[in-house]
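# Structural features, examined
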Amino acid sequence: MDFVPTPEGTSPATPAVATTAAPAPPAPEGPRPVAKDSTTGMLFGIGAYVLWGLLPLYFFILMPAGAVEIVANRVVWSLLFCALLITVTRAWGVLAVALKDRRVFGSLALAAFLIAINWLTYTYGVTTGQAVETSLGYFINPLVSVLLGVLVLKERLRPLQWAAVGVGFVAVGVLTYSYGKLPWIALTLAFSFGLYGFVKNRVGSRVDAITSLSVETMVLAPLAAVAMVVLAAGGSSTLTSQGAGHFWLLLASGVITAVPLLFFGASARRLPMTTIGLLQYFAPVLQFLVALLVFREAMTVECWIGFGVVWLALLLLTLDMLRTARRNSLARRAAVRQGA
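These figures come from a predicted structure and were not determined experimentally.

### A look at the overall build of the protein
Along the backbone of the protein there are 14 helices and 0 strands. For the protein, the computed accessible surface area is about 18,200 Å², with 70% contributed by carbon and sulfur atoms.

Next comes the structure, spelled out in structure tokens:
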């Protein structure tokens, strides 16, 4: 998967052919469309990961709302926002097809519970002063994805990948010593999101981002609604008790959840997977910086060493990814030359 996909609804440029049909606007030639498309894809990709990276700030200003209330509101208002988008884009038929397909619906239902675990853990970590550890979870997520490939898909790892996974295990050991306990928040985030990505990958291109998010939030919405009612009945809900600004900020969680997904979908259609793989580091880097510079969370020497080991593992993984992408690109060029 080391190619630049064409934009949705278009096809690669082909040589001009004489025709008697009605003239159409001439298609641009040369590298300009790809360059423009790549630039757009980069902007969408950076936008998605920057928004995800700054998400801790949003949860911080929602306090005193707790993790359960934030996630419950996020699910309910995301569903309403998705319904609005589906109405505007007239995509109810696409959603109906996804709901009728048992394999697709079953996969998305499982993905819904995995992302719920991820959201709850992440929000809990940020709102309880453990944002550094939440960033760690997304730093080690690529390592978990590689490990899942071995354990679940029985994939064979390349030497640098094995080295990265081994260094990752060392990092977890160092961080366990540093924290005085297993970094369960980071591990839960990494494995829940890794499994979520694995399940979504099995669905493939049969559903788009909005349809997928719509089905996932539909599955979770009844539980989220019950949670909101229970919190309100117990007097611990902040939705209507912290002023109009807090109320609208909680309602905005639907937009804040869906927009980065839309940006990511637009980016993934325009960029090679290698580039997407590199862009994914934007989010945990920003989360880490927010935790240190804004939330003023402490970092011991042992923590710095542990994070340094994690970054070493990611460096090995990135080098392997770039080397493999280059090798595949050279192989394709050689095949094209031989075919010519």
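### Quick word on the packing of aromatic side chains
Applying the stated criterion to the full structure yields 19 aromatic pairs. With a centroid separation of 5.5 Å and 55 degrees between ring planes, the pair formed by F44 and F263 is classed as tilted. With F44 in helix α1 (residues 32–53) and F263 in helix α11 (residues 253–268), the pair connects residues that are 219 residues apart, well separated along the chain. On the basis of an interplanar angle of 70 degrees and a centroid distance of 5.4 Å, the ring pair of Y49 and W52 is categorised as edge-to-face. One end of the pair, Y49, and the other, W52, are both in helix α1, 3 residues apart, so they sit about a helical turn from each other. Using a relative accessible area of 23% as the deciding quantity, one classes W52 as partly exposed. Through pairs of rings, three or more aromatic residues link up here, namely Y58, F59, Y122, Y138, F193 and Y196. Across the ring face of W119, the terminal group of R74 is positioned such that the distance to the ring centre comes to 4.1 Å.

### Quick word on empty space enclosed by the protein
For the structure shown, the criterion picks out 1 cavity of 30 Å³ or more. As a volume, the largest cavity reaches approximately 30 Å³. The wall of the largest cavity is formed by L55, Y58, F59, I70, R74, S253, I256 and T257. Mapped by element, the contributors of at least two residues to the lining of the largest cavity are α2 (55–61), α3 (67–89) and α11. By residue class, the composition of the lining of the largest cavity is 5 nonpolar, 2 polar and 1 charged.

### So, the pattern of salt bridges
Enumeration over the complete set of coordinates arrives at 3 salt bridges. When the shortest N-O distance is used, the salt bridge between K181 and E133 registers 4.0 Å. With a gap of 48 residues between them, K181 in the loop between α7 (159–179) and α8 (184–203) and E133 in helix α6 (residues 131–151) connect regions that are remote in the sequence. For K181, a relative accessible area of 35% corresponds to the partly exposed category. On the accessibility criterion, E133 (3% relative accessible area) is buried.

### Details of a nonpolar patch on the surface
Together, L54, L57, V285, L289, L293 and V294 give the surface a local cluster of nonpolar side chains, amounting to about 470 Å² of exposed area. As for its placement among the helices and strands, L293 is situated in helix α13 (residues 282–294).

### Some points on the packing of α3 against α11
Two elements in contact, α3 and α11, have axes separated by 7 Å at closest approach and are oriented at 60 degrees. One element, α3, and the other, α11, form an angle in the oblique class. Between α3 and α11 lies a crossing of right-handed hand. Where α3 approaches α11, its residues N73, R74, W77, S78, F81 and L85 are matched on the opposing element by S253, G254, V255, T257, A258 and L262. Residues that form the contact of α3 with α11 fall into these classes: 6 nonpolar, 5 polar and 1 charged.

### Re the nonpolar core
F59, F307 and V310 are the most contacted members of the largest nonpolar core, which totals 68 residues. Top contributing element to this core by residue count: α6, with 12 residues. With residues near it in sequence (within four places) discarded, F307 still touches V132, S135, L136, F139, L175, Y179, F288 and M299. Counting residues in each nonpolar core, the second largest holds 10 residues, with V104, L108, V203 and V215 among its members.

### Side note on the packing of α7 against helix α14 (residues 301–339)
Across the interface, α7 lies against α14 with an axial gap of 8 Å and an inter-helix angle of 165 degrees. It follows that α7 is roughly antiparallel to α14 by the angle criterion. Between α7 and α14 lies a crossing whose hand is left-handed. Here the residues of the contact of α7 with α14 sort into 20 nonpolar, 4 polar and 3 charged.

### Points about the side chain of N141
Topologically, N141 is positioned in helix α6. Since its relative accessible area comes to 7%, N141 is described here as buried. Setting aside its immediate chain neighbours within four residues, N141 contacts A190, F193 and G194.

Calculation criteria
Residues numbered from 1 in each chain as written. Predicted model: local features only at pLDDT ≥ 70, side-chain atom pairs only at ≥ 80, totals over all residues. Heavy atoms only, no water. Helix = DSSP H or I, 4+ residues; strand = E, 2+ residues; numbered from the N terminus. Areas by Shrake-Rupley, 256 points an atom, 1.4 Å probe, with all protein chains shown as cover. Phe/Tyr/Trp six-rings, centres within 6.5 Å; stacked < 30°, edge-to-face > 60°. Buried < 20%, exposed > 50% of the residue type's maximum accessible area, 1.4 Å probe, protein only. Lys NZ or Arg CZ within 6 Å of the ring centre and 35° of its normal. 1 Å grid on protein atoms, 1.4 Å probe; cavity = no way out; pocket = protein on both sides within 12 Å on 5 of 7 lines; lining within 4 Å. Points joined across faces, edges and corners; volume = space filled by probe spheres on them. Nonpolar A, V, L, I, M, F, W, Y, C, P; charged D, E, K, R; others polar. Salt bridge = Lys/Arg side-chain N within 4 Å of Asp/Glu carboxyl O. Patch = residues over 30% accessible without salt bridge, like charges linked within 9 Å, V, L, I, M, F, W, Y side chains within 5 Å. Axes fitted to C-alpha atoms, helices over the stretch in contact; angles between N-to-C directions. Parallel < 35°, antiparallel > 145°, perpendicular 65-115°, else oblique. Left-handed = near helix turned anticlockwise from the far one by under 90°. Contact = heavy atoms within 4.5 Å. Core = buried A, V, L, I, M, F, W, Y, C linked by side-chain atoms within 4.5 Å.

In short, geometric facts, not functional conclusions.
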